[in-house]
Each structure stands twice: as C-alpha cells, then as structure tokens.
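# Architecture and fold: a report
What follows is the residue order along each chain.
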Amino acid sequence: MGLSFTYFNVLETPRFVGWKNYIDLFFSDEIFLKAVKNTFLFATITGPIGYFMALFIAWMINDIKKPVIRAFMTLVFYAPTISGQAFIVWKYIFSSDTYGMANAWLMKLGITFQPILWFEDEKYIMPILIIVILWMSMGTGFLSFIAGLQNVDRTLYEAGYMDGIRNRFQELWYITLPAMKEQLMFGAVMTITNSFAIHDQLAALAGFPSVNYAAHTVVSHLIDYGTVRFEMGYASAIATLLFMVMVICNKLVQILLRKVGK
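Cut-off values and rules
- Residues numbered from 1 in each chain as written.
- Predicted model: local features only at pLDDT ≥ 70, side-chain atom pairs only at ≥ 80, totals over all residues.
- Heavy atoms only, no water.
- Patch = residues over 30% accessible without salt bridge, like charges linked within 9 Å, V, L, I, M, F, W, Y side chains within 5 Å.
- Areas by Shrake-Rupley, 256 points an atom, 1.4 Å probe, with all protein chains shown as cover.
- Salt bridge = Lys/Arg side-chain N within 4 Å of Asp/Glu carboxyl O.
- Helix = DSSP H or I, 4+ residues; strand = E, 2+ residues; numbered from the N terminus.
- Buried < 20%, exposed > 50% of the residue type's maximum accessible area, 1.4 Å probe, protein only.
- Core = buried A, V, L, I, M, F, W, Y, C linked by side-chain atoms within 4.5 Å.
- Contact = heavy atoms within 4.5 Å.
- Phe/Tyr/Trp six-rings, centres within 6.5 Å; stacked < 30°, edge-to-face > 60°.

Further remarks concern a nonpolar patch on the surface. A cluster of nonpolar side chains, contributed by Trp19, Ile23, Phe26, Phe27 and Leu33, occupies part of the molecular surface with about 600 Å² of accessible area. Of the residues forming the nonpolar patch, the biggest block, three residues, is contributed by helix H1 (residues 20–27). Among the secondary structure elements, isoleucine 23 is positioned in helix H1.

Pasting the structure below:
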C-alpha cells in the first residue's frame, strides 16, 4: 500500500508521487478499465455458478452410500484442479486449425466449411474461457463442502423431521447448511479469491496479452506492470485496489451467509 503512492522501478529509490498512480489508473489507463470489466464479468459468472455448482455436486456425492464410489466421484470432479495445467487440453479442443476437435466436428457436420479462429476472434474468447474456468471450479472449496456434509450430526435430521421438515430441500436449508457454515465461508473465500485472481489459465489459452485485451484481467494488468515493465509503484496501486475489492466482497458474503437457515 505504501509503494502504491510512489514511483518505483525496482532499481531506484521509491519516489513519492501521491495519488498520481490511482488517478492514472482511472482516468488515463483505458486497458485497466477494460481489465476491470473483464474481471468482474469472470467473477460474477464463474464465482457464484462455480460455488453453487460445487456445493450441489458435493451434496449429490454425499448421498452415495458406498465409500469407494463416493471417493471415486470426488476424485473425478476434483481431478481438473489437481492436474496442474490440465486446462491446456482446451487449447487442443479449440485449436484454430482443422486438427482441433471443435473445428473438426463442426466441419464434419457441415455447420462450417473452414476452421474457426477460436482464440484469435475476441467474440469467442470470453465464452470459451468461462467454460474452462467453470470446468476447473471444483477446487479446495469443493473438498471442504464434502467434509462439511459428512460431519453433520445425523441426529439433527431426525429431530428436524419430527419438527416438521418434509423434503430434502427444507432439510438442506434448515439443517445441513447451518451446520456447515464454516465450510461455506471457507469455500466462499476461496471462490472469491480465485475468481478475482484469474490469469494463468487465460494467458495460456488466449495469450498474454490476448486479442484486443479480450481476456485481460486486473491480475494480468498487475503482472504486466509489475514483472514486465517493472513499474512497481503502479503495480502496487493495482494490487491495493484488488485487495480492497476482495475484502468488500468477503464482507458481503459473510452478511449473506448469516441468513442461511433463517
């Protein structure tokens, strides 16, 4: 935060410049504003969908009676996250030549007669990357949901049905979710952090920078100024703003989670 008020190129002593970095960010840096838009688009789509998808799948897996099958299904959904750069397989699926699986099938079915340049055309970049991020959204939060569901006291369900609970969704809302609020909070923090910190997958698939900055996020902008241009003061201003947004989002999620079961 201190460096965000300086001009610092790593080699020279930081020089205080006041609010200049923040003023430049919002009033002179068009790429930053585009990165903010892209980041919030990723966060608002992949964050909530990925969070609820992980919770729903964990809930379904928890109902499997056989431990071996339950462990296998957990591994199946968690595998993309622990497989390093598994997302590179999407580079092959959406390759821009006739060898790409998507182009091959579209041409075979007669839908198109020439390869589509998936990662060279900005109108395709964002939808494909959203699919990839959702595919990889079963992360640590997903495992915490599995653990939370398996540790709910079974006697609560018996008491709940005696008190008037009549279906699985009432059971989920009034018993299961309130009993695993810690895991829900942990999953929310991890989801928010991952949603706002997306960069590596985007750079590997769409390039860095991407076509017309179509997949450029705030973290991409931060890495550009911090590790490529070595304008560390400017990069620190970007990092500070990102940190503040994450804190605000986490506080909002905490407020929402307090309403679970009420």
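Resuming the write-up.
Before going further, it helps to spend a moment on the pattern of salt bridges. Counting across every chain of the model gives four salt bridges. In this structure, aspartate 24 engages lysine 20 in a salt bridge whose closest nitrogen and oxygen atoms are separated by 2.7 Å. One end of the pair is aspartate 24 and the other is lysine 20, both in helix H1 and four residues apart, which spans about a single turn. Look at lysine 20 and you get partly exposed, because its relative accessible area is 45%. Where salt bridges share partners, they join Asp63, Arg168 and Glu171 into one cluster.

Within the largest apolar cluster, 39 residues are counted, with the highest numbers of intra-cluster contacts made by Leu25, Phe142, Phe145, Leu184, Phe196, Ile238 and Leu257. Taken together, the elements giving at least two residues each to this core come down to H1, helix H2 (30–62), helix H7 (140–150), helix H9 (168–179), helix H10 (181–196), helix H12 (218–228) and helix H13 (232–257). Counting residues per element, this core draws most heavily on H13, which supplies 10 residues. Once residues lying within four places of it in the same chain are set aside, the contact partners of isoleucine 238 are Leu25, Phe32, Val218, His221, Leu222 and Tyr225.

All right, on to the environment of valine 89 then. With respect to the helices, strands and loops of the structure, valine 89 is situated in helix H4 (residues 89–93). Accessibility expressed as a relative area gives 38% for valine 89, which makes it partly exposed.

What follows concerns the packing of aromatic side chains. Counting across every chain of the model gives 14 aromatic pairs. A centroid spacing of 5.8 Å and a plane angle of 85° characterise the contact between phenylalanine 26 and phenylalanine 32, whose relative ring orientation is edge-to-face. For phenylalanine 26, a relative accessible area of 40% translates into the label partly exposed. Its relative accessible area of 4% is what places phenylalanine 32 among the buried residues.

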